[in-house]
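Coordinate analysis (summary)
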Amino acid sequence: MRRLKNFVVCFAALFLLSSCSSVFLDSTNTNILEVLGKQKTLDVQMQITRGDGSYAMDLVVDIRNKVLTVIGSSFGTRIFTLYFDGNQITEGPGSGFPKLLPKRLVIDDIILTLVILEAFETGLPKGCSIFTEGDWQKIYCNSQLIVRVKYKKMFDKNEQVIIERLHPKYLVSFVISEVK
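So, a few notes on the structure that sits alongside this text. Model, not experiment: these values are computed from the prediction.

Side note on the nonpolar core
Core analysis: the biggest nonpolar cluster contains 37 residues, and L59, V61, L68 and F174 have the highest contact counts within it. Broken down by element, the residue count for this core peaks at seven residues, all from helix α3 (residues 103-114). If near-sequence neighbours (up to four positions away) are discounted, F174 is found in contact with V44, Q45, M46, L59, D109, I110, T113, E159, Q160, V161 and I163.

What follows is the structure, encoded as structure tokens:
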């Protein structure tokens, strides 16, 4: 019963993020998957913090044949599968992706975790720019801070990426391990 409760709470948190704006999945960015680089499969532990709540999920992220695949699971149960071909997000097998959950935002945050932000600077939507302040990369659109991203190499060769979205305010942390 606790597993079901945690699962429902995790999706509720993601649902609350549905009004977030996407930064990179914009019609002006047609070559987004080319920036992600070579074919790879990653294990990703995701933790979302909003207010006093914190929710975790495991992801498998696969980049292959110009398609980004994201499989989300909780307590060993596949929750969703998303495919992104650079233009469209489609849904695959899983126990049920909530209709109001922003698939675009999930894909957008995954893309932010996989790239060096400078690679996007020329492909940002019109009116957006990237600035560095300490360890944080900040993305502004129309002079408003939209998102902050921090990349950190960990001692075990994993990477941690922290994304802070500001409207609505939430923090998502990804720990990324490449599957050999």
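Re the pairing of strand β7 (residues 136-141)
Across the six residues of β7, five count as buried, placing the element largely inside the fold. Here strand β6 (residues 128-133) pairs with β7 via six bridges, running antiparallel. From the neighbouring strand, I130 faces β7, where its bridge partner is I139. The loop that links β6 with its antiparallel partner β7 comprises two residues; one of these, G134, has a positive phi angle of about 65°. The pairing of β7 with strand β8 (residues 144-153) spans six bridges and is classified as antiparallel. For Y140, the partnering residue across the bridge sits in β8 and is L145. Linking β7 back to β8 in an antiparallel pair, the connection comprises two residues, with N142 at a positive phi of about 50°.

Side note on unusual backbone geometry
At F75, a residue that is not glycine, the phi angle is positive and equals roughly 55°. The phi dihedral of S143 falls on the positive side, at around 65°, and the residue is not glycine.

Remarks on the environment of I107
Relative to the helices and strands, I107 is located in helix α3. A sequence separation of 25 residues divides I107 from L82, and the C-alpha atoms of the two residues are 8.1 Å apart.

Remarks on the packing of aromatic side chains
If you walk through the whole model with that rule in mind, you get one aromatic pair. The ring of W136 has R148 lying over it, and the distance from NZ or CZ to the ring centre is 3.8 Å.

A look at the state of the cysteines
Enumeration over the complete set of coordinates arrives at one disulfide. The residue that forms a disulfide with C128 is C141, at a sulfur-sulfur distance of 1.9 Å. As the torsion about the S-S bond is roughly 110°, the C128-C141 disulfide counts as right-handed. Here C128, found in strand β6, pairs with C141, found in strand β7; they are 13 residues apart in sequence, far enough to count as distant. Here C128 falls in the buried class, since its relative accessible area comes to 15%.

What about α3?
In this model α3 runs 17 Å from its N-terminal to its C-terminal C-alpha over 12 residues, within 8% of the 16 Å that 1.5 Å per residue would give. Counted residue by residue, α3 has 10 buried out of 12 residues, so it is predominantly covered. For α3, every residue scored as buried is listed here: L105, V106, I107, D108, D109, I110, I111, L112, T113 and L114.

Calculation rules
Residues numbered from 1 in each chain as written. Predicted model: local features only at pLDDT ≥ 70, side-chain atom pairs only at ≥ 80, totals over all residues. Heavy atoms only, no water. Core = buried A, V, L, I, M, F, W, Y, C linked by side-chain atoms within 4.5 Å. Buried < 20%, exposed > 50% of the residue type's maximum accessible area, 1.4 Å probe, protein only. Helix = DSSP H or I, 4+ residues; strand = E, 2+ residues; numbered from the N terminus. Contact = heavy atoms within 4.5 Å. Pairing = 2+ DSSP bridges. Phe/Tyr/Trp six-rings, centres within 6.5 Å; stacked < 30°, edge-to-face > 60°. Lys NZ or Arg CZ within 6 Å of the ring centre and 35° of its normal. Disulfide = S-S within 2.5 Å. Expected span 1.5 Å × (residues − 1).

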